[in-house]
Amino acid sequence: MDNYFQQLAGIVKAQSKCTETGILQLRDLFEVKDFGVNDHFFQIGERNRKIGFICDGVLRAYILDEDGAENNLFFSTTNNFVIGNLSPEMECSFNKQTLTDSVLLVADYQKYHDLINTNKQLQGFHENILYKIHNKIRDRISKDFFSNASRKYSQFLKDYPGLLDRIPHYQVANYLGITPTQLSRVRREFQE
C-alpha cells in the first residue's frame, strides 16, 4: 500500500499545491485492489460509486452500439484516474474494463467527493482530473473524426506510447475503427 500510495501522492503533489494534511486525508480513503484481465471497474448504468487510481495496468473505456458491438473510446494507463461520471449520484456513462492484470487504489466516490468539497487544493486537483478526462474524450473525437487509418494509427502511437505491446491488437483496431487486418497493413507501412 505504501508504495502505491506514494505513487498517488507524487501525482497529487506534481499537479496541485495540496498540503501533506490533504494528501493524508486522501490516503485514508483509498485501498489497494487487484483486478484480473477483463474485470469491470464499472459498467454503464451503475451508480457512480467509486473512483480509482491506476497504479499498474491498462483499462479501456467502451460503449455498446445499438447492435451490441463494443466500441473503445479511450485507454487509461498507469497514473491515470478512472471515474464513471462527474458526480457520485450520476450513472456511469461508459464501461471501464481491465485489459491487463491491474492494481488500483480505489475509494468510495461519495466520500472522496465530500473530502474535495472541503479542501480547495484537492478540489482544484479533482477539477484537473475531470479536465484531463474531458480533453481525452474531446481530442479523441476531434482528431479521429475525419482521419484515415494511417493518421489514426500515428496519433494512437503518440497518445499511447508503448501500449501496442501491452494489449491485444484487436482492441487497438477497435479503438481505431478498423479491422485487425487493416491494422496489420498499417503497421507494416510504418515499419517500412
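Look above for the structure.
Summary of the structure given here. (Residues numbered from 1 in each chain as written. Predicted model: local features only at pLDDT ≥ 70, side-chain atom pairs only at ≥ 80, totals over all residues. Heavy atoms only, no water.)

## A look at the overall build of the protein
Along the protein, the regular secondary structure elements total 7 helices and 8 strands. On C-alpha atoms alone, the protein measures out to a radius of gyration of 17 Å, which is about the 16 Å that the 2.2 N^0.38 rule sets for 192 residues. Judged by the C-alpha coordinates and their principal axes, the protein covers about 55 × 35 × 30 Å. Look at the contacts in the protein between residues 6 or more apart in sequence, and 71% of them connect residues 24 or more apart. For the protein, the exposed area adds up to about 10,300 Å²; of that, 49% sits on carbon and sulfur atoms. (Helix = DSSP H or I, 4+ residues; strand = E, 2+ residues; numbered from the N terminus. Rg over C-alpha atoms; globule rule 2.2 N^0.38 Å. Contact = heavy atoms within 4.5 Å. Areas by Shrake-Rupley, 256 points an atom, 1.4 Å probe, with all protein chains shown as cover.)

## What to know about the pairing of strand 7 (residues 95-98)
Judged by which residues are buried, strand 7 turns out to be covered on both faces: Asn95 and Gln97 on one side and Lys96 and Thr98 on the other are all buried. As paired strands, strand 2 (residues 40-42) and strand 7 are joined by 2 bridges and run antiparallel to one another. Note that in strand 7 the partner of His40 across the bridge is Gln97. (Buried < 20%, exposed > 50% of the residue type's maximum accessible area, 1.4 Å probe, protein only. Pairing = 2+ DSSP bridges.)

## Considering a negative patch on the surface
Taken together, Asp34, Asp39, Asp56 and Asp101 make up a surface patch of like negative charges. Tracing the sequence through the fold places Asp34 in strand 1 (residues 31-35). For Asp34, a relative accessible area of 63% puts it in the exposed group. (Patch = residues over 30% accessible without salt bridge, like charges linked within 9 Å, V, L, I, M, F, W, Y side chains within 5 Å. Salt bridge = Lys/Arg side-chain N within 4 Å of Asp/Glu carboxyl O. Lys, Arg positive; Asp, Glu negative; His and termini not counted. Charge placed at Lys NZ, Arg CZ, Asp CG, Glu CD.)

## Observations concerning the sheet that holds strand 5 (residues 70-76)
The 4 strands lie next to each other as 2-7-4-5, forming an open sheet whose pairing is antiparallel. Since the sheet does not close on itself, it has two edges, and those belong to strand 2 and strand 5, each with one partner. The mean inter-strand angle of the sheet, taken between neighbouring strand axes irrespective of direction, is 30°. Note that strand 4 (residues 59-64) and strand 5 share 6 bridges and pair antiparallel. Directly across from Leu64, in strand 5, lies its bridge partner Glu70. Against the sheet, helix 6 (residues 169-176) engages strand 4 and strand 5, with an angle of about 105° to strand 5. (Axes fitted to C-alpha atoms, helices over the stretch in contact; angles between N-to-C directions.)

## What about unusual backbone geometry?
Phi at Asn38 takes a positive value of approximately 75°, unusual for a residue other than glycine. For Asn38, the location among the structural elements is in the loop between strand 1 and strand 2. The backbone phi angle of Asn79 is positive, close to 75°, even though this residue is not glycine. Looking at the element boundaries, Asn79 is found in the loop between strand 5 and strand 6 (81-83).

## Some thoughts on the nonpolar core
Among the nonpolar cores identified, the biggest contains 28 residues, and Phe41, Phe75, Leu104, Phe156 and Leu176 are the most heavily contacted of them. Secondary-structure elements contributing two or more residues to this core are strand 2, strand 4, strand 5, strand 8 (102-108), helix 5 (149-159), helix 6 and helix 7 (180-191). A per-element tally of this core places helix 6 first, with 4 residues. Leave out the neighbours within four places in its chain, and Leu104 touches Glu31, Val32, Lys33, Phe35, Phe41, Gly52, Phe53, Ile54, Cys55, Leu59 and Val82. Judged by nonpolar contacts, the second largest core, of 25 residues, contains Ile11, Ile23, Cys55 and Tyr109. (Core = buried A, V, L, I, M, F, W, Y, C linked by side-chain atoms within 4.5 Å.)

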